[in-house]
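Here's the letter readout for the chains.
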Amino acid sequence: MEPLIEFLKLIFTALVYPGLAFLTILGLVSQWYRRKLIARLQNRVGPKYVGPAGILQPFADIYKLLFVKELVTGAYTPARLILYLVILGIVALSASTALLPLTPLYIRAEYDVLVFIYLTFYASIAMSLIGLGSVSPYPGFGGVRYATMLLVFEPVIAISLISMVKVLAPNTLSLADALSNPGILRAQQPLQWIFHVATIILAAISFSIALLSKTMLKPFDIPEAETEIAGGYLAELSGPALGLSILLHEVEISLYVFLFANLLIPIPPILPAPLSIVMSLIKYFIVLTILVLVAYSMGRLKLDQALRALIKVPLLLSIISLALSFTI
Amino acid sequence: MDALGIATILTTMSIVLALILWLPISLRTRIRRTELYLSGEPQSGFTVRVTEISWAVRRVFERIYEILIGHVQTGIFNDWFALSLPYLLILLLLLVIVVTVRGGV
């Protein structure tokens, strides 16, 4: 009986809180916030009509797409397979939230940061396969562009995440320990503390640049470049496949920014208590605001410029931060 | 539970849950196929060049790529072997060091 109850709790964690339902709501509210912020930057109003201040607009968009009964797609696109890949990406992201200490049901183990990196990689693979698997030129270009950038941003994200967790949970490399009991507070000497902060800052710079490219925000929105390749990897999708692809994108942004905000500002730590979760959400919106304001003040890069930029700054910084985190 | 166990459980759970969520959506969705979207151009005579998928990586790593092409893609096995020999020797050296220092792998 005990293992069954544990398993049901795990399913609740993955599907409801802090998994699928929570991430969906957070992702769509963040999309509304992001769209409002970008609209203000561009002297527009942004979402306005659905719900107070247009907050329900992203929900309405996704609802409308999910319940369309006919999926119009390209002649050779394996639409049902793509639908499964997208759902797998969303569920894998939701399952990875079981490693975050947001409820008493969270799971922890030594080196579980590697499990998180592994599970979230499904989403990146799904994104590039949506494009490559659509068997059509524009999605093909989008998929190729994403897959090419993936070769650089995934290692950067992995390396900088490991360095941040190594500083915050030096003995266990556990994500839950890094978030709930950050080791930076226990640094004995001032020099050690300075090294810790320097490592976190270097890792944070590299992580944030790689995050912009992973989540296809400007200046790395190359795979979907609407004016060039007609929406790129999404060009041949419609109905539920398009709705779920947009949802995958939003869920990925919200999960990564949530984690990043709480690793970057480890005080107060995340605990499974309402006040602590509110604090972590405040950190999330602060970091999201900064990321969006920086990102959308730039124009889109070309693919080789983006690759060079990713290799020159974030890759180098992440390797330095990893070396620092393992030497101190 | 160790990290490998957690990874196995969460992966299995993700695959099964995704299948359960996919089934109803897939069953109630009808698929209508249209011509490829080519900005209004006709589909006939169009092909996607799969060989070009790595052009950006090639452009960034152009020098390394050209060296590799020059040495490896000559059609002669010995060229490939000569190029990889130094790396194999380094690996062999590392193996000898590990075996000597640790007394086993």
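By convention here, each chain's residues receive numbers from 1 onward along its written sequence. To label them, take the chains in the order written and letter them from A, then take the ligands in the order written and number them from 1. Since the coordinates come from a predicted model, pLDDT governs what is reported: local features require at least 70, and pairs of side-chain atoms require 80 or more to be given and counted, while whole-chain, interface and lining totals use all residues. Side-chain measures were taken over the full set of non-hydrogen atoms in the model, leaving aside hydrogen atoms and water.

A. Looking closely at the overall build of chain A. Under the scheme used here, helices are H or I runs from DSSP no shorter than 4 residues and strands are E runs no shorter than 2 residues, and both carry numbers assigned from the N terminus. A tally of regular secondary structure across chain A gives 12 helices and 1 strand. When its helices and strands are written in sequence order, chain A yields α-α-α-β-α-α-α-α-α-α-α-α-α. For chain A, the C-alpha radius of gyration of 20 Å lies close to 20 Å, the compact-globule estimate for 328 residues. Whether a residue is buried, partly exposed or exposed follows from its accessible area with a 1.4 Å probe, protein chains only, as a fraction of its type maximum: under 20%, in between, or over 50%, in that order. Here chain A, with 328 residues, has 59% of them falling under the buried criterion. Each radius of gyration reported is based on C-alpha atoms, and the globular scaling rule is 2.2 Å times the count of residues to the power 0.38.

B. Structural view of the interface of chain A and chain B. Contacts: residue pairs with any heavy atoms within 4.5 Å of one another. Taken together, the 54 residues of chain A in the interface contact 39 residues of chain B. Buried area: the accessible area, evaluated with a 1.4 Å probe, that two parts lose upon being put together, summed over both parts. Taken together, the two surfaces of chain A and chain B that pack against each other cover about 4,200 Å², and 70% of this comes from carbon and sulfur. By convention in these notes, a salt bridge is any Lys or Arg side-chain nitrogen within 4 Å of a carboxyl oxygen on Asp or Glu. In this structure, the connection of chain A to chain B is made through 2 salt bridges. Residues Arg-32 of chain B and Glu-70 of chain A are paired through a salt bridge, measuring 3.0 Å at the closest nitrogen-oxygen approach.

C. Representation of the side chain of Thr-11 of chain B in the model. Mapped onto the elements of the fold, Thr-11 of chain B is located in helix H1 (residues 3-28). Filtering out sequence-adjacent residues up to four positions away, Thr-11 of chain B remains in contact with Tyr-118, Leu-119 and Tyr-122 of chain A.

D. How the structure looks around the pattern of salt bridges. In the structure shown here, the tally under the stated rule is 11 salt bridges over all chains. Put simply, Arg-300 of chain A and Asp-221 of chain A hold a salt bridge, and the shortest N to O gap is 3.3 Å. Taken together, the positions of Arg-300 of chain A in the loop between helix H11 (274-295) and helix H12 (303-327) and Asp-221 of chain A in the loop between helix H8 (190-214) and helix H9 (226-229) put the pair 79 residues apart, joining distant regions of the chain. Owing to a relative accessible area of 7%, Asp-221 of chain A belongs among the buried residues under this scheme. Residue Arg-308 of chain A pairs with Asp-304 of chain A through a salt bridge whose shortest N-O separation is 3.8 Å. Residue Arg-308 of chain A and its partner Asp-304 of chain A are located together in helix H12, separated by 4 residues, close to a single helical turn. Exposure remark for Arg-308 of chain A: the relative accessible area of 34% places this residue in the partly exposed category. Among the residues examined, Asp-304 of chain A registers a relative accessible area of 5% and is labelled buried. Overlapping salt bridges bring together Glu-70 of chain A together with Arg-30 and Arg-32 of chain B as one network.

E. Focus on the nonpolar core. Of all hydrophobic cores here, the largest spans 108 residues; its most connected members are Leu-175, Leu-244 and Leu-263 of chain A together with Leu-10 of chain B. With 15 residues, helix H10 (residues 239-264) of chain A is the largest single contributor of residues to this core. For Leu-244 of chain A, the residues in contact, after removing those within four places along its chain, are Leu-66, Leu-83, Val-86, Ile-87 and Ile-90 of chain A together with Ile-25 of chain B. We define a nonpolar core as any set of buried Ala, Val, Leu, Ile, Met, Phe, Trp, Tyr and Cys residues linked to one another through side-chain atoms lying within 4.5 Å.

F. Structural view of helix H5 (residues 112-133) of chain A. Expected helix span is given by 1.5 Å per residue-to-residue step, counting one fewer step than there are residues. Compared with an ideal rise of 1.5 Å per residue, which puts 22 residues at 32 Å, H5 of chain A spans 31 Å between its outermost C-alpha atoms and is within 8% of the ideal. Immediately downstream of H5 of chain A, the backbone of Val-135 of chain A shows phi near 50°, a positive value.

G. Layout of the packing of H5 of chain A against H1 of chain B. Whenever a helix is involved, its axis is fitted only over the stretch in contact; in every case the axis is a line through C-alpha atoms, and angles between N-to-C directions fall within 0 to 180 degrees. At a minimum axis distance of 9 Å, the contact between H5 of chain A and H1 of chain B shows a crossing angle of 25°. Comparing their axes, H1 of chain B and H5 of chain A come out roughly parallel. The chirality of how H5 of chain A crosses H1 of chain B is right-handed. Between H5 of chain A and H1 of chain B, the residues in contact are Asp-112, Val-115, Tyr-118, Leu-119 and Tyr-122 of chain A and Ala-3, Ile-6, Ala-7, Leu-10, Thr-11 and Ser-14 of chain B, respectively. An angle below 35 degrees is read as roughly parallel, one above 145 as roughly antiparallel, one from 65 to 115 as roughly perpendicular, and any other as oblique. Handedness of a crossing is defined here by the sense of rotation of the near helix relative to the far one, left-handed for an anticlockwise turn of less than a right angle and right-handed for a clockwise turn.

H. Spatial organisation of the environment of Ala-235 of chain A. Residues and elements named next belong to chain A. Tracing the chain through its elements places Ala-235 in the loop between H9 and H10. Given the relative accessible area of 23%, Ala-235 is considered partly exposed. Those residues in contact with Ala-235 that lie beyond four places of it in its chain are Tyr-138, Pro-139 and Ala-230.

I. Highlighting helix H1 (residues 2-15) of chain A. Here H1 of chain A spans 20 Å end to end across 14 residues, near enough to the 20 Å set by a 1.5 Å rise per residue. The set of residues buried in H1 of chain A consists of Leu-10, Thr-13 and Ala-14 of chain A. In a view along the axis of H1 of chain A, the buried residues occupy a sector of 95°, so they form one face of it. Residues of H1 of chain A that are buried in the fold lie against helix H2 (20-41) and helix H4 (79-96) of chain A together with H1 of chain B. Summarising the geometry, the arc corresponds to the directions from the helix axis toward the C-beta atoms.

J. Region of the structure containing the packing of aromatic side chains. Residues and elements named next belong to chain A. Pairing of aromatic rings covers Phe, Tyr and Trp, the last through its six-membered ring, and needs centres within 6.5 Å; plane angles under 30 degrees mean stacked, over 60 mean edge-to-face, and all others mean tilted. The tally for this structure, following the rule as stated, stands at 11 aromatic pairs over all chains. Summarising the aromatic geometry, the rings of Phe-258 and Tyr-284 are spaced 6.2 Å apart at their centres and angled 45° between planes, so their arrangement reads as tilted. Here Phe-258, found in helix H10, pairs with Tyr-284, found in helix H11; they are 26 residues apart in sequence, far enough to count as distant. Residue classification places Phe-258 among the buried residues on the basis of a relative accessible area of 3%. Three or more aromatic residues link up through ring pairs in this structure, and these residues are Tyr-33, Phe-258, Tyr-284 and Phe-285. Criterion for a charge above a ring: Lys NZ or Arg CZ within 6 Å of the ring centre, and within 35 degrees of the ring normal. The ring of Phe-326 has Lys-166 sitting right over it, with the charged end atom 4.9 Å from the ring centre.

K. Region of the structure containing the confidence of the model for chain B. All names here are of chain B. Each residue carries a pLDDT score, the predictor's confidence in it, ranging from 0 to 100. In the predicted model, chain B carries a mean pLDDT of 79, and 83% of its residues have values of at least 70. For chain B, the element scoring lowest by mean pLDDT is helix H2 (residues 55-60), at 64; H1 scores highest, at 90. Taken over the whole predicted complex, pTM reads 0.82, whereas the ipTM for its chain interfaces reads 0.87.

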